[in-house]
Amino acid sequence: MFENLFDPRKVAEAWEVLRTEVPFAIWETFYATLLATFFAILLGLPLGVLLVVGEKGGILPLPAWLMKTLNVIINLLRSVPFLLMIVLVLPLTRLIVGTSVGTVASVVPLTIAAFPFIARLVESSLRELDPNVIEAAQSMGATPFQIIVKVMIPESVPSLISNFTIAITTILGYTAMSGAIGGGGLGKVALNYGYYRYKYLVMLIAVILLIIMVQLFQSLGTFFATKSDKRLKHK
Amino acid sequence: MIELKHLSKSFPTGDTTVEALKDINLTIRDGDIYGIIGMSGAGKSTLVRCINLLERPTGGEVLVDGVNLGDLSPAELRRARRDITMIFQSFNLLMQRTCLDNICFPLELAGVKKSEAKEKARELLSVVGLPDKENAYPAQLSGGQQQRIAIARALATEPKVLLCDEATSALDPKTTHSILELIRDINKKLGITVIVITHQMSVVEEICNRVAILDNGTVAEEGDVATVFACPATDAAKRLVFPDSADTANLWLAHENERILRVVFNGADCSATPMIASMAMEERIAANILYASTRTIGEMVYGNMLLGIPNDEETVRRATAYLGRSEKVVVMEVKQNV
C-alpha cells in the first residue's frame, strides 16, 4: 500500500489534487467544524447549565422526572456511533438544509452528535466551581438567573474554553468521517482520492493536514484558556 | 433588632434526622457585636445561615426589625438579604473579576447604575484600606486583603447587619487582629450590627460585647461577654473558659483557699512589663498562675490567664485594681458554681 509512495508519477498526481481540491477542502472542514461547534454550543450550553442547576439541591431544582429524561436522552444520543447518526438524521437534514449531501448538510448530524457531548462538558466545567461562591451570591440576593449568567458561567470561562477546545477537535474528527457519506472537506479528499483511487500519498497528506488543524485548534484553545484565567498569579 | 424564636433545624440523613439546632431563642440588639461561639459541629454555621434564610429553619421564626423573614416572598427575601450581608471563612470572591468589580457585584444584582456602583466601590476600597487594589484580581492578594475586599463587598448595599461566618479562621493572628479592628470600626462608624460566628475565644474577647455559647444545637449560655466568661455556669461554657483540657473540677479542689481571677489581655501594651512579679513586689500579693495562654502580636499582648489569689476580700480587690489599670486588660473574678 505504501510502497513507491514517492514515485514521480504519483507525486505529480498528488500535487494536482493538492492544488485543485485541497485548499477548498481545508476551508470546508474548517467552516463545517466551526459551524457545528457553534450550533452545538448553542444547544449544549443551556442544556449543561440545566443539568447542574436543575438537580436536587441545585439553585433551580426541576422535577426529578424531567432531569431523568434529559439524562437519558443525552446518554442515548451520545451512544449512537457517528456514522449511523448521519444516516439516522437524514430526514431532519433534508428538512433543515433541503439536501442531505454536501458540507452544509453535514453540519446537521455534526451538531446533533456534538451537543450532548458539549452539554456533558459544560456540566463538568460548572461542577468545578466552588459551591461557597454560589452561596455567597445567594446571600447577596442574587436570582437563580443572575447566578447562572453572572457567577457560574463567567467564573467557569477558562474551564469552558478548555472543554470547548476538546469538543472542536472531536468535531473536526467527525467532519472527516462525514466525508464517507456525502460530507465535504479533507475527509472526502482522503477517501475519494486517497482510498478509492489508490492515491495513498493524497490520503497521507490529508491526514497530516487534519493533524495540523487539530494542533492549531488545541494550541489556540489552550492559549485562550490560560490567558482568560485570572486565578493564575504570574501575569 | 434580630430575634430568633424557638428556632430549630433538622437535616434528614437516611432513616434518621440530625437535629442541628434545637429551640434557639436569641435577641440581638442594634449596634451589638454579638459573638456566637461553639466547638465544631455545635451548629454555628447552620444558625448563621438561618438568620438570612440560606438555610430554611424547620421550626420557629427569624424576625428582623419585627419582620418575619419566613413570611417573605422569594423576591422580598432577596431584597431583605441586601440588608443582612455576609462574609465567609474562605472569602468567596469571584476569582475572574477585579476587586472593584467584586465590590460592584451586589450593586449590579440590585440594579444600580454602573457608574454609581463604581463610585461607591472606590469609596469602599478606601474604607477597607486597599485603595490601590482597584484593578487587581483576588488571586493576587493575600488572605487578609481578600477578606477586606469581601468586607467591602458586604458593605456595598449599606446593610444593617453583617454576618461573619468564621471570617478570621483562615488568617494568621496578626491579620486576624487587623480584620477584627476593621470590623469593630465598621460597627462603630457605620452603626452596623455584627454577628460573629467563631470557635476562637480570642475573637469574642477582642471585639464582642455579647456572646452566646452554642453547644450541641442549643444555647448553653448567653449574655454580656464579661459576665459569661467570669461565671461560666455550664459545662460547655467552662470548656471554653478553661480550654486546653484544663480539668476544671481538679482546678477548684487544688485551690480551695484561693479565689480565681481571670485576666484577659485585649492588645495590652505590657509585653515588656512583668505584671505578676511587679504585683508581688508592689502590692505584696503572691499570685498563683493556674493557667495562661497569651501571645504577643507586635508589641501587644492577647490571651488570658487564670490567677489564684489568696482568699481574702481586700487582697482580691487590690489585685483586681492593680492588674486592671490598663484599659486593655480586663480582670474579673471567676465564681465557683459547682
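Residues numbered from 1 in each chain as written. Chains lettered and ligands numbered in written order. Predicted model: local features only at pLDDT ≥ 70, side-chain atom pairs only at ≥ 80, totals over all residues.

## Things to note about the overall build of chain A
Point 1. Scanning chain A for helices and strands turns up 11 helices and 0 strands.
Point 2. Along chain A, helices (α) and strands (β) appear in the sequence α-α-α-α-α-α-α-α-α-α-α when read from the amino end.
Point 3. Across its three principal axes, chain A shows a C-alpha extent of roughly 75 × 50 × 25 Å.
Point 4. The buried share of chain A, reckoned over its 235 residues, is 42%.
Point 5. Pairs at least 24 apart in sequence give 72% of the contacts found in chain A among residues at least 6 apart. (Helix = DSSP H or I, 4+ residues; strand = E, 2+ residues; numbered from the N terminus. Buried ≥ 20, exposed ≤ 12 C-beta atoms within 10 Å, placed from the backbone. Contact = placed C-beta atoms within 7 Å.)

## Re the overall build of chain B
Point 1. Within chain B one finds 12 helices and 14 strands.
Point 2. Each principal axis of the C-alpha atoms in chain B carries an extent, and together these give about 70 × 50 × 35 Å.
Point 3. Every one of the 338 residues in chain B was classed for burial, and the buried ones make up 41%.
Point 4. Within chain B, residue pairs in contact and separated by at least 24 positions form 68% of the contacts whose partners lie at least 6 positions apart.

## Observations concerning the domain arrangement of chain B
Residues and elements named next belong to chain B.
Point 1. In terms of domain boundaries, chain B breaks down into domain 1 (2-230) and domain 2 (242-334).
Point 2. Each of domain 1 and domain 2 has a C-alpha centre, and the two are 33 Å apart.
Point 3. Taken residue by residue, the interface counts 10 residues in domain 1 and 13 residues in domain 2.
Point 4. Looking at the side of domain 1 that touches domain 2, the elements with two or more residues in it are α6 (173-190), α7 (201-207) and α8 (225-230).
Point 5. Residues that form the side of domain 1 that touches domain 2 fall into these classes: 5 nonpolar, 2 polar and 3 charged. (Domains from an automatic or database assignment. Nonpolar A, V, L, I, M, F, W, Y, C, P; charged D, E, K, R; others polar.)

## Some words on the interface of chain B and chain A
Where the parts come together, the accessible area they lose is often given as the size of the interface.
Point 1. Contacts between the two partners involve 19 residues from chain B and, on the opposite side, 18 residues from chain A.
Point 2. Within the residue set of the side of chain B that touches chain A, elements represented by two or more residues are α2 (74-81), β6 (84-88) and α3 (99-109) of chain B.

## Quick word on the sheet that holds strand β7 (residues 161-165) of chain B
All names here are of chain B.
Point 1. Spatially, β6-β7-β8-β3-β9-β10 is the arrangement adopted by the 6 strands of the open sheet, whose pairing is mixed. Both outer strands of the open sheet, β6 and β10 (218-224), are each paired with one neighbouring strand and no more. Strand after strand, the sheet turns through a mean of 15° between neighbouring axes, direction not considered.
Point 2. Summarising the sheet, strand β9 (residues 210-215) and β10 pair through 6 bridges and their orientation is antiparallel. The residue of β10 that forms the bridge with R210 is D224.
Point 3. Relative to the sheet, helix α5 (residues 143-155) contacts β6 and β7, its axis offset from that of β6 by approximately 170°. (Pairing = 2+ DSSP bridges. Axes fitted to C-alpha atoms, helices over the stretch in contact; angles between N-to-C directions.)

## Structural notes on the nonpolar core
Point 1. Among the nonpolar cores identified, the biggest contains 138 residues, and A114 and I118 of chain A together with I103, C164, I195, V196 and I213 of chain B are the most heavily contacted of them.
Point 2. Looking at which element gives the most residues to this core, the answer is helix α6 (residues 103-127) of chain A, with 14 residues.
Point 3. Beyond its immediate sequence surroundings of up to four residues, A114 of chain A is in contact with A36, T37, A40, A167 and I171 of chain A.
Point 4. In this structure, V263, M275, I309 and V330 of chain B belong to the second largest nonpolar core, which totals 19 residues. (Core = buried A, V, L, I, M, F, W, Y, C linked by C-beta atoms within 7 Å.)

## A look at the sheet that holds strand β5 (residues 67-68) of chain B
Residues and elements named next belong to chain B.
Point 1. Pairing is antiparallel in the open sheet, where 4 strands are placed in the order β2-β1-β4-β5. With partners counted over all chains shown, the strands left at the sheet margins are β2 (16-28) and β5, one partner each.
Point 2. Summarising the sheet, strand β4 (residues 59-64) and β5 pair through 2 bridges and their orientation is antiparallel. Within β5, the position partnered with V64 by the bridge is V67.
Point 3. Packing against the sheet, helix α1 (residues 44-51) makes contact with β1 (2-13), β2 and β4, and its axis sits at approximately 60° to β2.

## Focus: the packing of helix α2 (residues 22-53) of chain A against α6 of chain A
Residues and elements named next belong to chain A.
Point 1. In the contact formed by α2 and α6, the axes pass within 5 Å of each other and the chain directions differ by 40°. Taken together, the axes of α2 and α6 lie oblique to each other. Regarding α2 and α6, the two cross each other, and that crossing is right-handed.
Point 2. A breakdown of the residues in the contact of α2 with α6 according to their chemical character gives 21 nonpolar, 6 polar and 4 charged. (Parallel < 35°, antiparallel > 145°, perpendicular 65-115°, else oblique. Left-handed = near helix turned anticlockwise from the far one by under 90°.)

## Observations concerning the confidence of the model for chain A
Point 1. On average, residues of chain A score 91 in pLDDT, and 98% of them reach the 70 mark or higher.
Point 2. When pLDDT is averaged over each helix and strand of chain A, the minimum, 83, is found for helix α1 (residues 8-20) of chain A and the maximum, 97, for helix α8 (residues 144-155) of chain A. (pLDDT = per-residue confidence, 0-100.)

## What to know about the environment of E55 of chain B
Residue and element names in this part refer to chain B.
Point 1. You can see E55 is positioned in the loop between α1 and β4.
Point 2. Each C-alpha atom, one on E55 and one on S45, is 9.8 Å from the other, the two residues being 10 residues apart in sequence.
Point 3. Sequence-distant contacts of E55, defined by excluding residues within four places in its chain, comprise K9, T46, R49 and C50.

## A closer look at helix α11 (residues 200-228) of chain A
Within an α-helix, residues lying three or four positions from one another point in the same direction, as the helix has 3.6 residues per turn.
Residues and elements named next belong to chain A.
Point 1. Here α11 contains 29 residues, and its C-alpha end-to-end distance of 42 Å stays within 8% of the 42 Å for a straight helix at 1.5 Å per residue.
Point 2. Within the span of α11, buried status applies to L201, V202, M203, I205, A206, L210, M213 and F217.
Point 3. Residues of α11 that are buried sit in contact with α1, α2, α9 (157-178) and α10 (186-195). (Expected span 1.5 Å × (residues − 1).)

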